[in-house]
Amino acid sequence: MTKEYQFPENFLWGGATAANQLEGGYLEGGRGLSIADVMPGGKIRGSFRNNPDFHFEMDTTKYVYPNHQAIDHYHRYKEDIALFAEMGFKTYRMSISWSRIFPNGDETEPNEEGLAFYDKVFDELNKYGIEPLVTLIHNEIPLHLVKEYGGWKNRELLTFFERYVKAVFNRYKDKVKYWLTFNEINSALRLPLYSLGFIPKNDEQKEQLVFQGLHHQLLASALAVKLGHEMIPGSQVGCMLLYAPIYPYNCHPENVLYAKEESRLFNYFCGDVHVFGEYPRFINRYFKEHNVKLDIQEGDLALLKEGKVDFISFSYYMSCTEKIIGDQKERVLGNMIGGFKNPFLKASEWGWEIDPHGLRISLNDLYDRYRLPLFIVENGLGANDTIEEDGTIQDDYRIDYLREHITAMAESIEDGVELMGYTSWGPIDIVSAGTGEMSKRYGFIYVDKNDDGSGTFNRMKKKSFDWYKNVIATNGREL
Ligand code: BG6
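Here the structure is a predicted model, which is why all the values come from computation and not from measurement.

*Asks:* I'd like a rundown of the pairing of strand β12 (residues 419-425), residues and numbers included.
*Replies:* With respect to burial, β12 is a largely interior element, six of its seven residues being buried. With five bridges connecting them, strand β1 (residues 12-16) and β12 associate as parallel partners. Within β12, the position partnered with L12 by the bridge is G421. In terms of strand pairing, strand β11 (residues 374-378) meets β12 through three bridges, oriented parallel. Counterpart to F375 in the pairing with β12 is G421. Handedness of the crossover joining β11 and β12 through helix α14 (residues 396-415) is recorded here as right-handed.

This is the structure in C-alpha coordinates:
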(Lines give C-alpha, C1' and ligand atoms only; values in the text may rest on other atoms or scores of the structure.)
Protein backbone atom coordinates (compact mmCIF):
# COMPACT_ATOMS: atom_id res chain seq x y z
CA MET A 1 0.00 0.00 0.00
CA THR A 2 1.35 3.43 -0.88
CA LYS A 3 1.84 5.80 1.99
CA GLU A 4 -0.53 8.75 2.34
CA TYR A 5 1.27 11.95 3.14
CA GLN A 6 0.03 14.81 5.23
CA PHE A 7 0.70 18.36 4.06
CA PRO A 8 -0.10 21.44 6.16
CA GLU A 9 -3.65 22.69 5.69
CA ASN A 10 -2.78 25.99 4.02
CA PHE A 11 0.05 24.59 1.93
CA LEU A 12 0.69 26.85 -1.06
CA TRP A 13 0.67 24.63 -4.16
CA GLY A 14 1.31 26.29 -7.49
CA GLY A 15 3.74 27.07 -10.28
CA ALA A 16 6.50 29.57 -10.99
CA THR A 17 7.57 31.65 -13.98
CA ALA A 18 9.75 34.65 -14.81
CA ALA A 19 8.58 37.67 -16.81
CA ASN A 20 11.33 37.55 -19.43
CA GLN A 21 10.71 33.86 -20.13
CA LEU A 22 6.96 34.03 -20.70
CA GLU A 23 5.58 37.53 -21.26
CA GLY A 24 6.87 38.54 -24.70
CA GLY A 25 5.52 41.94 -25.76
CA TYR A 26 9.08 43.10 -25.24
CA LEU A 27 8.52 46.59 -26.65
CA GLU A 28 4.85 46.96 -25.81
CA GLY A 29 3.33 49.20 -23.18
CA GLY A 30 6.37 51.44 -23.12
CA ARG A 31 8.68 48.68 -21.93
CA GLY A 32 12.43 49.21 -22.30
CA LEU A 33 14.95 46.55 -23.27
CA SER A 34 16.31 44.31 -20.57
CA ILE A 35 19.45 42.21 -20.52
CA ALA A 36 17.37 39.11 -21.37
CA ASP A 37 16.30 40.67 -24.68
CA VAL A 38 19.81 40.63 -26.14
CA MET A 39 20.44 36.97 -25.35
CA PRO A 40 19.93 34.83 -28.47
CA GLY A 41 18.35 31.39 -28.40
CA GLY A 42 20.15 28.09 -28.89
CA LYS A 43 23.67 26.93 -28.11
CA ILE A 44 25.15 30.32 -28.96
CA ARG A 45 23.59 31.69 -25.75
CA GLY A 46 25.96 29.54 -23.73
CA SER A 47 29.02 30.89 -25.50
CA PHE A 48 27.95 34.52 -25.04
CA ARG A 49 27.32 34.38 -21.34
CA ASN A 50 30.98 34.07 -20.36
CA ASN A 51 32.47 36.09 -23.20
CA PRO A 52 33.90 39.40 -21.93
CA ASP A 53 33.80 40.75 -25.50
CA PHE A 54 30.02 40.42 -25.70
CA HIS A 55 28.66 43.97 -26.00
CA PHE A 56 24.99 43.41 -25.27
CA GLU A 57 23.91 44.26 -28.81
CA MET A 58 21.16 42.49 -30.78
CA ASP A 59 21.77 41.09 -34.26
CA THR A 60 18.45 39.90 -35.63
CA THR A 61 20.06 39.08 -38.99
CA LYS A 62 22.07 36.31 -37.34
CA TYR A 63 20.16 35.14 -34.31
CA VAL A 64 16.71 34.31 -32.96
CA TYR A 65 15.69 36.15 -29.78
CA PRO A 66 13.10 33.88 -28.16
CA ASN A 67 12.37 36.14 -25.19
CA HIS A 68 10.98 38.89 -27.44
CA GLN A 69 7.73 37.09 -28.02
CA ALA A 70 8.27 34.33 -25.47
CA ILE A 71 4.87 32.58 -25.16
CA ASP A 72 2.91 35.80 -25.61
CA HIS A 73 1.58 35.73 -22.07
CA TYR A 74 1.44 39.52 -22.32
CA HIS A 75 -1.67 39.08 -24.47
CA ARG A 76 -2.82 35.68 -23.21
CA TYR A 77 -2.47 36.02 -19.44
CA LYS A 78 -6.21 35.54 -18.92
CA GLU A 79 -6.22 32.20 -20.70
CA ASP A 80 -3.08 31.08 -18.85
CA ILE A 81 -4.34 32.10 -15.43
CA ALA A 82 -7.67 30.36 -16.12
CA LEU A 83 -5.72 27.14 -16.76
CA PHE A 84 -3.72 27.60 -13.53
CA ALA A 85 -7.02 28.10 -11.72
CA GLU A 86 -8.40 24.93 -13.30
CA MET A 87 -5.47 23.04 -11.80
CA GLY A 88 -6.43 24.53 -8.43
CA PHE A 89 -3.33 26.69 -7.89
CA LYS A 90 -3.27 28.27 -4.46
CA THR A 91 -0.37 30.49 -5.45
CA TYR A 92 1.42 31.66 -8.56
CA ARG A 93 5.03 32.79 -8.49
CA MET A 94 5.79 35.38 -11.15
CA SER A 95 8.20 38.25 -11.57
CA ILE A 96 7.83 41.88 -12.52
CA SER A 97 9.93 43.07 -15.42
CA TRP A 98 11.88 46.06 -14.07
CA SER A 99 12.09 47.62 -17.55
CA ARG A 100 8.28 47.62 -17.88
CA ILE A 101 8.11 49.87 -14.84
CA PHE A 102 11.26 51.91 -15.47
CA PRO A 103 12.15 51.40 -19.15
CA ASN A 104 15.72 52.61 -18.78
CA GLY A 105 16.00 52.03 -15.07
CA ASP A 106 17.22 55.50 -14.16
CA GLU A 107 14.03 57.52 -14.70
CA THR A 108 12.48 59.25 -11.72
CA GLU A 109 8.86 58.39 -12.55
CA PRO A 110 7.45 54.93 -13.30
CA ASN A 111 5.79 53.96 -16.58
CA GLU A 112 2.03 53.91 -15.94
CA GLU A 113 1.30 51.40 -18.72
CA GLY A 114 3.73 48.93 -17.19
CA LEU A 115 2.19 49.30 -13.75
CA ALA A 116 -1.29 48.89 -15.24
CA PHE A 117 -0.33 45.60 -16.89
CA TYR A 118 0.53 43.93 -13.58
CA ASP A 119 -2.61 45.40 -12.00
CA LYS A 120 -4.59 43.40 -14.56
CA VAL A 121 -2.57 40.24 -13.88
CA PHE A 122 -3.03 40.52 -10.10
CA ASP A 123 -6.75 41.22 -10.52
CA GLU A 124 -7.09 38.14 -12.67
CA LEU A 125 -5.31 36.01 -10.06
CA ASN A 126 -7.47 37.49 -7.35
CA LYS A 127 -10.60 36.56 -9.32
CA TYR A 128 -9.67 32.90 -8.82
CA GLY A 129 -8.35 33.27 -5.27
CA ILE A 130 -4.75 32.62 -6.36
CA GLU A 131 -2.20 34.27 -4.06
CA PRO A 132 0.57 36.01 -6.02
CA LEU A 133 4.17 35.41 -4.95
CA VAL A 134 6.22 38.06 -6.70
CA THR A 135 9.93 38.10 -7.48
CA LEU A 136 11.24 41.66 -7.76
CA ILE A 137 14.24 40.76 -9.91
CA HIS A 138 14.41 37.58 -11.97
CA ASN A 139 17.44 37.77 -14.30
CA GLU A 140 16.28 41.13 -15.60
CA ILE A 141 18.15 44.39 -15.44
CA PRO A 142 17.15 47.22 -17.75
CA LEU A 143 19.72 47.10 -20.55
CA HIS A 144 20.52 50.78 -20.12
CA LEU A 145 21.74 50.09 -16.57
CA VAL A 146 24.01 47.39 -17.93
CA LYS A 147 25.47 49.44 -20.75
CA GLU A 148 25.70 52.84 -19.09
CA TYR A 149 26.36 51.89 -15.49
CA GLY A 150 28.04 48.49 -15.74
CA GLY A 151 25.36 46.57 -13.85
CA TRP A 152 25.35 45.85 -10.13
CA LYS A 153 29.05 46.50 -9.58
CA ASN A 154 27.95 50.14 -9.66
CA ARG A 155 26.48 51.32 -6.35
CA GLU A 156 24.17 53.74 -8.13
CA LEU A 157 21.92 50.80 -8.99
CA LEU A 158 20.81 50.82 -5.38
CA THR A 159 19.15 54.20 -5.90
CA PHE A 160 17.36 53.02 -9.04
CA PHE A 161 16.33 49.78 -7.37
CA GLU A 162 14.90 51.66 -4.39
CA ARG A 163 12.74 53.75 -6.74
CA TYR A 164 11.53 50.63 -8.49
CA VAL A 165 10.69 48.83 -5.26
CA LYS A 166 8.88 51.81 -3.79
CA ALA A 167 6.86 52.18 -6.99
CA VAL A 168 5.72 48.56 -7.06
CA PHE A 169 5.16 48.23 -3.30
CA ASN A 170 3.14 51.40 -3.32
CA ARG A 171 1.06 50.32 -6.30
CA TYR A 172 0.44 46.69 -5.34
CA LYS A 173 0.36 46.92 -1.56
CA ASP A 174 -3.26 45.79 -1.44
CA LYS A 175 -2.79 43.01 -3.97
CA VAL A 176 0.47 41.24 -3.13
CA LYS A 177 1.47 39.92 0.29
CA TYR A 178 4.35 37.55 -0.57
CA TRP A 179 7.52 38.96 -2.14
CA LEU A 180 10.94 37.58 -3.11
CA THR A 181 13.88 39.90 -3.65
CA PHE A 182 16.50 38.51 -6.11
CA ASN A 183 16.06 35.23 -7.95
CA GLU A 184 18.91 32.79 -7.17
CA ILE A 185 21.01 35.60 -5.75
CA ASN A 186 23.96 33.25 -5.12
CA SER A 187 24.07 32.22 -8.80
CA ALA A 188 26.27 35.30 -9.34
CA LEU A 189 29.10 33.28 -7.79
CA ARG A 190 29.02 31.02 -10.85
CA LEU A 191 27.46 33.17 -13.56
CA PRO A 192 27.44 36.92 -12.87
CA LEU A 193 25.96 37.94 -16.22
CA TYR A 194 22.22 37.45 -15.68
CA SER A 195 22.03 38.56 -12.10
CA LEU A 196 24.75 41.21 -11.81
CA GLY A 197 24.75 42.36 -15.42
CA PHE A 198 28.41 42.15 -16.36
CA ILE A 199 30.99 39.65 -17.56
CA PRO A 200 34.31 39.79 -15.69
CA LYS A 201 37.46 39.81 -17.80
CA ASN A 202 39.48 37.37 -15.68
CA ASP A 203 39.35 35.36 -12.46
CA GLU A 204 40.96 37.98 -10.30
CA GLN A 205 38.54 40.63 -11.47
CA LYS A 206 35.75 38.17 -11.05
CA GLU A 207 36.29 37.67 -7.31
CA GLN A 208 36.47 41.37 -6.50
CA LEU A 209 33.67 42.57 -8.77
CA VAL A 210 31.28 39.72 -8.06
CA PHE A 211 31.51 40.18 -4.29
CA GLN A 212 31.20 43.96 -4.62
CA GLY A 213 28.19 43.51 -6.89
CA LEU A 214 26.73 40.99 -4.46
CA HIS A 215 27.30 43.42 -1.60
CA HIS A 216 25.14 45.94 -3.46
CA GLN A 217 22.48 43.33 -4.10
CA LEU A 218 22.49 42.13 -0.50
CA LEU A 219 21.96 45.74 0.58
CA ALA A 220 19.21 46.12 -2.02
CA SER A 221 17.59 42.93 -0.78
CA ALA A 222 17.71 44.09 2.86
CA LEU A 223 16.25 47.43 1.79
CA ALA A 224 13.38 45.65 0.02
CA VAL A 225 12.63 43.61 3.15
CA LYS A 226 12.68 46.75 5.29
CA LEU A 227 10.49 48.69 2.87
CA GLY A 228 8.12 45.75 2.52
CA HIS A 229 7.59 45.65 6.27
CA GLU A 230 7.10 49.41 6.44
CA MET A 231 4.91 49.89 3.38
CA ILE A 232 2.86 46.68 3.35
CA PRO A 233 1.79 45.67 6.85
CA GLY A 234 1.41 41.90 7.08
CA SER A 235 3.63 41.25 4.09
CA GLN A 236 6.26 38.52 4.05
CA VAL A 237 9.49 39.06 2.19
CA GLY A 238 11.90 36.24 1.46
CA CYS A 239 15.23 35.68 -0.22
CA MET A 240 15.63 33.24 -3.10
CA LEU A 241 18.61 30.90 -3.33
CA LEU A 242 19.81 28.40 -5.89
CA TYR A 243 20.34 25.42 -3.60
CA ALA A 244 22.26 22.31 -4.62
CA PRO A 245 23.64 19.96 -1.99
CA ILE A 246 27.30 19.36 -2.71
CA TYR A 247 28.37 15.77 -2.10
CA PRO A 248 31.99 14.68 -1.66
CA TYR A 249 32.88 12.24 -4.42
CA ASN A 250 34.01 9.72 -1.79
CA CYS A 251 34.85 9.60 1.90
CA HIS A 252 38.41 10.85 1.52
CA PRO A 253 38.53 13.52 4.26
CA GLU A 254 40.02 16.06 1.88
CA ASN A 255 37.11 15.57 -0.51
CA VAL A 256 34.65 15.84 2.38
CA LEU A 257 36.27 19.06 3.53
CA TYR A 258 36.34 20.46 0.02
CA ALA A 259 32.66 19.70 -0.59
CA LYS A 260 31.78 21.33 2.73
CA GLU A 261 33.73 24.47 1.92
CA GLU A 262 32.21 24.73 -1.54
CA SER A 263 28.75 24.30 -0.10
CA ARG A 264 29.31 26.89 2.62
CA LEU A 265 30.33 29.45 0.04
CA PHE A 266 27.80 28.66 -2.67
CA ASN A 267 24.76 27.52 -0.71
CA TYR A 268 25.08 29.46 2.53
CA PHE A 269 27.00 32.70 2.09
CA CYS A 270 24.03 34.69 0.75
CA GLY A 271 21.52 32.90 2.97
CA ASP A 272 23.56 33.69 6.08
CA VAL A 273 23.58 37.40 5.29
CA HIS A 274 19.83 37.39 4.61
CA VAL A 275 18.92 35.44 7.74
CA PHE A 276 21.46 36.66 10.30
CA GLY A 277 21.81 40.18 8.93
CA GLU A 278 25.60 40.05 8.87
CA TYR A 279 28.48 38.61 6.90
CA PRO A 280 29.43 35.12 8.13
CA ARG A 281 32.86 34.79 9.74
CA PHE A 282 34.05 32.15 7.25
CA ILE A 283 34.00 34.66 4.42
CA ASN A 284 36.83 36.73 5.96
CA ARG A 285 39.34 34.00 5.24
CA TYR A 286 38.01 33.60 1.71
CA PHE A 287 38.26 37.34 1.07
CA LYS A 288 41.81 37.39 2.41
CA GLU A 289 42.94 34.47 0.29
CA HIS A 290 41.30 35.86 -2.84
CA ASN A 291 42.31 39.43 -2.31
CA VAL A 292 38.74 40.71 -2.10
CA LYS A 293 38.43 44.13 -0.49
CA LEU A 294 34.83 45.23 -0.15
CA ASP A 295 33.82 48.85 -0.20
CA ILE A 296 31.42 48.85 2.75
CA GLN A 297 30.01 52.30 3.47
CA GLU A 298 28.57 53.80 6.60
CA GLY A 299 25.14 52.42 7.34
CA ASP A 300 25.58 49.31 5.17
CA LEU A 301 26.01 46.87 8.03
CA ALA A 302 23.11 48.41 9.95
CA LEU A 303 20.88 48.02 6.90
CA LEU A 304 21.74 44.33 6.60
CA LYS A 305 20.60 43.92 10.22
CA GLU A 306 17.37 45.80 9.59
CA GLY A 307 16.44 43.76 6.54
CA LYS A 308 16.41 40.17 7.77
CA VAL A 309 14.09 37.95 5.73
CA ASP A 310 10.85 36.35 6.91
CA PHE A 311 11.35 33.10 5.04
CA ILE A 312 13.74 31.37 2.69
CA SER A 313 12.78 30.32 -0.78
CA PHE A 314 14.94 28.29 -3.10
CA SER A 315 15.14 26.43 -6.38
CA TYR A 316 16.11 22.78 -6.43
CA TYR A 317 16.92 20.87 -9.60
CA MET A 318 19.98 18.76 -8.87
CA SER A 319 22.76 17.89 -6.48
CA CYS A 320 26.45 18.31 -7.31
CA THR A 321 29.40 16.04 -6.63
CA GLU A 322 32.84 17.52 -6.05
CA LYS A 323 36.33 16.23 -5.39
CA ILE A 324 39.92 17.33 -5.39
CA ILE A 325 41.33 13.82 -5.07
CA GLY A 326 40.41 10.85 -7.29
CA ASP A 327 40.32 9.73 -10.92
CA GLN A 328 36.80 10.63 -11.96
CA LYS A 329 37.00 13.10 -14.85
CA GLU A 330 33.53 13.02 -16.36
CA ARG A 331 31.63 16.22 -15.61
CA VAL A 332 27.94 17.17 -15.65
CA LEU A 333 26.47 20.62 -16.06
CA GLY A 334 23.24 22.41 -15.14
CA ASN A 335 22.55 25.98 -16.29
CA MET A 336 24.56 27.57 -13.48
CA ILE A 337 26.17 24.76 -11.56
CA GLY A 338 27.87 21.46 -12.20
CA GLY A 339 30.33 18.95 -10.83
CA PHE A 340 31.62 15.46 -11.40
CA LYS A 341 29.31 12.73 -12.60
CA ASN A 342 27.61 10.93 -9.73
CA PRO A 343 27.60 7.19 -10.61
CA PHE A 344 24.40 6.63 -8.63
CA LEU A 345 22.23 9.14 -10.45
CA LYS A 346 20.47 9.28 -13.80
CA ALA A 347 20.30 12.54 -15.72
CA SER A 348 17.68 14.42 -17.73
CA GLU A 349 17.94 14.78 -21.51
CA TRP A 350 19.83 18.01 -20.82
CA GLY A 351 22.27 16.23 -18.50
CA TRP A 352 20.89 17.55 -15.19
CA GLU A 353 21.27 14.80 -12.57
CA ILE A 354 17.99 13.74 -11.01
CA ASP A 355 18.15 13.38 -7.25
CA PRO A 356 14.95 13.54 -5.16
CA HIS A 357 16.84 12.53 -1.98
CA GLY A 358 18.93 15.63 -2.54
CA LEU A 359 15.79 17.70 -2.03
CA ARG A 360 15.12 16.10 1.35
CA ILE A 361 18.76 16.67 2.31
CA SER A 362 18.50 20.30 1.20
CA LEU A 363 15.31 20.96 3.14
CA ASN A 364 16.71 19.44 6.31
CA ASP A 365 20.05 21.22 6.02
CA LEU A 366 18.47 24.60 5.35
CA TYR A 367 15.99 24.23 8.18
CA ASP A 368 18.62 22.99 10.63
CA ARG A 369 20.77 26.03 9.88
CA TYR A 370 18.14 28.77 9.72
CA ARG A 371 14.99 27.63 11.59
CA LEU A 372 12.88 29.76 9.26
CA PRO A 373 9.96 28.62 7.10
CA LEU A 374 11.09 27.34 3.71
CA PHE A 375 9.42 27.63 0.31
CA ILE A 376 10.41 25.56 -2.74
CA VAL A 377 9.79 28.02 -5.56
CA GLU A 378 11.37 26.10 -8.45
CA ASN A 379 11.68 22.41 -9.24
CA GLY A 380 10.88 20.40 -12.33
CA LEU A 381 12.04 18.42 -15.32
CA GLY A 382 12.99 20.02 -18.63
CA ALA A 383 12.16 17.48 -21.35
CA ASN A 384 11.24 17.10 -25.00
CA ASP A 385 7.52 16.36 -25.30
CA THR A 386 5.87 14.56 -28.20
CA ILE A 387 2.34 15.12 -29.41
CA GLU A 388 0.79 11.71 -30.13
CA GLU A 389 -1.35 11.04 -33.18
CA ASP A 390 -4.49 11.39 -31.08
CA GLY A 391 -3.29 14.82 -29.94
CA THR A 392 -2.39 13.81 -26.36
CA ILE A 393 0.92 14.38 -24.61
CA GLN A 394 1.84 11.46 -22.39
CA ASP A 395 4.46 13.00 -20.11
CA ASP A 396 4.71 10.20 -17.55
CA TYR A 397 8.43 10.95 -17.10
CA ARG A 398 7.48 14.40 -15.76
CA ILE A 399 4.86 12.92 -13.43
CA ASP A 400 7.45 10.42 -12.10
CA TYR A 401 10.00 13.19 -11.53
CA LEU A 402 7.52 15.41 -9.69
CA ARG A 403 6.04 12.55 -7.67
CA GLU A 404 9.48 11.58 -6.38
CA HIS A 405 10.37 15.15 -5.46
CA ILE A 406 7.04 15.84 -3.79
CA THR A 407 7.46 12.61 -1.83
CA ALA A 408 10.89 13.78 -0.67
CA MET A 409 9.30 17.04 0.38
CA ALA A 410 6.57 15.21 2.31
CA GLU A 411 9.19 13.10 4.08
CA SER A 412 11.05 16.24 5.11
CA ILE A 413 7.87 17.68 6.57
CA GLU A 414 7.68 14.52 8.68
CA ASP A 415 11.33 15.15 9.58
CA GLY A 416 10.15 18.41 11.14
CA VAL A 417 10.85 20.93 8.37
CA GLU A 418 8.49 23.91 8.19
CA LEU A 419 7.49 24.19 4.53
CA MET A 420 5.16 26.91 3.27
CA GLY A 421 4.62 25.74 -0.27
CA TYR A 422 5.79 24.35 -3.56
CA THR A 423 5.71 26.04 -6.96
CA SER A 424 6.97 23.81 -9.75
CA TRP A 425 8.98 25.53 -12.46
CA GLY A 426 7.28 26.55 -15.71
CA PRO A 427 3.75 25.15 -15.18
CA ILE A 428 3.22 26.28 -18.75
CA ASP A 429 6.04 25.77 -21.28
CA ILE A 430 8.28 28.84 -21.39
CA VAL A 431 11.62 29.85 -22.89
CA SER A 432 14.57 28.10 -21.23
CA ALA A 433 16.84 30.49 -19.34
CA GLY A 434 19.97 28.46 -19.96
CA THR A 435 19.61 27.74 -23.68
CA GLY A 436 16.76 29.93 -24.91
CA GLU A 437 15.08 26.82 -26.30
CA MET A 438 11.34 26.19 -26.34
CA SER A 439 11.95 22.48 -26.78
CA LYS A 440 13.17 22.22 -23.18
CA ARG A 441 9.70 22.03 -21.69
CA TYR A 442 8.72 21.95 -18.01
CA GLY A 443 4.98 22.56 -18.28
CA PHE A 444 1.72 20.85 -17.45
CA ILE A 445 0.47 22.98 -20.34
CA TYR A 446 2.04 22.61 -23.77
CA VAL A 447 2.59 25.73 -25.86
CA ASP A 448 2.76 25.27 -29.62
CA LYS A 449 5.89 27.27 -30.24
CA ASN A 450 9.13 25.97 -31.70
CA ASP A 451 12.78 26.90 -31.23
CA ASP A 452 12.79 28.92 -34.46
CA GLY A 453 9.86 31.01 -33.19
CA SER A 454 7.20 29.37 -35.40
CA GLY A 455 3.95 27.91 -34.06
CA THR A 456 0.34 28.81 -33.29
CA PHE A 457 0.98 29.57 -29.61
CA ASN A 458 -2.04 27.41 -28.79
CA ARG A 459 -2.14 25.93 -25.32
CA MET A 460 -2.81 22.17 -24.74
CA LYS A 461 -3.08 20.18 -21.53
CA LYS A 462 -0.53 17.41 -21.04
CA LYS A 463 -1.24 14.24 -19.03
CA SER A 464 0.54 15.84 -16.05
CA PHE A 465 -2.13 18.58 -15.97
CA ASP A 466 -4.78 16.33 -14.45
CA TRP A 467 -2.22 14.58 -12.29
CA TYR A 468 -1.07 17.85 -10.64
CA LYS A 469 -4.67 19.01 -10.36
CA ASN A 470 -5.42 15.91 -8.30
CA VAL A 471 -2.29 16.36 -6.18
CA ILE A 472 -3.53 19.81 -5.23
CA ALA A 473 -7.14 18.71 -4.78
CA THR A 474 -6.06 15.99 -2.35
CA ASN A 475 -3.48 18.25 -0.70
CA GLY A 476 -0.72 15.80 -1.63
CA ARG A 477 -2.46 12.65 -0.30
CA GLU A 478 -2.68 11.19 -3.79
CA LEU A 479 0.58 11.34 -5.67
C1 BG6 B 1 16.65 28.55 -12.70
C2 BG6 B 1 16.12 29.88 -13.13
O3 BG6 B 1 18.03 28.63 -12.64
O4 BG6 B 1 16.43 27.45 -13.55
C5 BG6 B 1 15.01 29.86 -14.15
O6 BG6 B 1 15.71 30.63 -12.00
C7 BG6 B 1 15.29 28.77 -15.16
O8 BG6 B 1 14.87 31.13 -14.71
C9 BG6 B 1 15.33 27.44 -14.44
O10 BG6 B 1 14.44 28.75 -16.24
C11 BG6 B 1 15.47 26.24 -15.35
O12 BG6 B 1 16.60 26.40 -16.16
P13 BG6 B 1 16.55 26.27 -17.74
O14 BG6 B 1 17.92 26.66 -18.19
O15 BG6 B 1 16.23 24.84 -18.00
O16 BG6 B 1 15.49 27.19 -18.20
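*Asks:* Can you explain helix α13 (residues 356-370)? Please cite residues and give values.
*Replies:* The end-to-end C-alpha distance of α13 is 22 Å, a good match for the 21 Å that 15 residues give at a rise of 1.5 Å each. Looking at the buried side of α13, the elements it contacts are β7 (311-315), β11, α14 and β12. Immediately beyond the C-terminal end of α13, within one or two residues, lies R371, with a positive phi of roughly 50°.

*Asks:* Residues and numbers for the environment of Y178, please.
*Replies:* Within the secondary structure, Y178 sits in strand β4 (residues 178-182). C-alpha of Y178 to C-alpha of V134: the two residues are 44 residues apart in sequence and 6.4 Å apart in space. Ignoring anything within four residues of it in the chain, the contact list for Y178 reads E131, L133 and Q236.

*Asks:* Go over the packing of helix α3 (residues 73-86) against helix α5 (residues 112-127) with me, naming the residues and quoting the values.
*Replies:* Where α3 meets α5, the closest approach of the two axes is 10 Å, and the angle between their N-to-C directions is 20°. Relative to α5, the element α3 is oriented roughly parallel. Read as a crossing pair, α3 and α5 show a hand that is right-handed. When α3 is examined against α5, the residues Y77, K78 and I81 are found in contact with a partner set consisting of V121, E124 and L125. Classifying every residue of the contact of α3 with α5 gives four nonpolar, no polar and two charged.

*Asks:* How would you summarise unusual backbone geometry if you had to cite specific residues and measurements?
*Replies:* A positive phi angle, close to 40°, is found at A70, a residue other than glycine. Relative to the helices and strands, A70 resides in the loop between α2 (44-48) and α3. Residues other than glycine seldom take positive phi values, yet E184 does so here, at roughly 40°. Of note, E184 is situated in the loop between β4 and α8 (192-196).

*Asks:* Describe the UniProt feature "active site" (unreviewed entry) in the protein chain, and please don't skip the residues or the numbers.
*Replies:* Within this numbering scheme, the UniProt entry marks E378 as carrying the feature "active site" (unreviewed entry). Examined against the element boundaries, E378 turns out to sit in strand β11. Classification of E378 as buried rests on a count of 25 C-beta atoms within 10 Å. Beyond its immediate stretch of four places on either side in the chain, E378 contacts A16, S315 and W425.

*Asks:* Please set out the site of the ligand residue by residue, giving values where relevant.
*Replies:* Taken together, 15 residues form the shell around the ligand, and within it N335, G382, S432, A433 and G434 come nearest. Considering only residue class, the shell around the ligand consists of four nonpolar, eight polar and three charged.

*Asks:* Describe in detail the environment of P233, supporting the description with residues and values.
*Replies:* Residue placement: P233 occurs in the loop between α9 (203-231) and β5 (236-242). As a C-alpha pair, P233 and S187 span 46 residues in sequence and 30 Å in three-dimensional space.

*Asks:* Describe the sheet that holds β7, and please don't skip the residues or the numbers.
*Replies:* Taken together, the eight strands give a closed barrel; going around it, the order is β1-β2-β3-β4-β5-β7-β11-β12, and neighbouring strands pair in parallel fashion. Neighbour-to-neighbour, the strand axes of this sheet turn through a mean angle of 25°, independent of strand direction. Both β4 and β5 contribute to a ladder of three bridges, which runs parallel. Counterpart to W179 in the pairing with β5 is V237.

*Asks:* Can you tell me about the packing of helix α7 (residues 157-172) against α9, naming the residues and giving the values?
*Replies:* Contact pair α7 / α9: the axes reach a minimum separation of 10 Å and the direction vectors enclose 25°. Considering the angle they form, α7 stands roughly parallel to α9. Judged by the sense of rotation from one axis to the other, the crossing of α7 with α9 is right-handed. Note on element contacts: α9 touches α7 through H216, L219, A220, L223, A224, L227, G228 and M231, opposite L157, L158, F161, E162, V165, K166, F169 and N170. In the contact of α7 with α9, the residues fall into eleven nonpolar, three polar and two charged.

*Asks:* Describe the pairing of β11, listing the residues and the values that go with them.
*Replies:* Summarising burial for β11: five of the five residues are buried, a large majority. As paired elements, β7 and β11 share four bridges and run parallel to each other. By the bridge assignment for β11, S313 is matched with F375.

*Asks:* Can you lay out the confidence of the model for the protein chain for me, pointing to particular residues and giving the numbers?
*Replies:* Here the protein chain shows a mean pLDDT of 96. Residues at 70 or above account for 100%. Prediction confidence for the complex, expressed as pTM and ipTM, is 0.98 and 0.99 respectively.

How each quantity is defined
Residues numbered from 1 in each chain as written. Predicted model: local features only at pLDDT ≥ 70, side-chain atom pairs only at ≥ 80, totals over all residues. Buried ≥ 20, exposed ≤ 12 C-beta atoms within 10 Å, placed from the backbone. Helix = DSSP H or I, 4+ residues; strand = E, 2+ residues; numbered from the N terminus. Pairing = 2+ DSSP bridges. Right-handed = clockwise from strand over helix to strand, strands pointing away. Expected span 1.5 Å × (residues − 1). Contact = placed C-beta atoms within 7 Å. Axes fitted to C-alpha atoms, helices over the stretch in contact; angles between N-to-C directions. Parallel < 35°, antiparallel > 145°, perpendicular 65-115°, else oblique. Left-handed = near helix turned anticlockwise from the far one by under 90°. Nonpolar A, V, L, I, M, F, W, Y, C, P; charged D, E, K, R; others polar. UniProt positions renumbered as here; feature names shortened; annotations may be inferred. Near = placed C-beta within 6 Å. pLDDT = per-residue confidence, 0-100.

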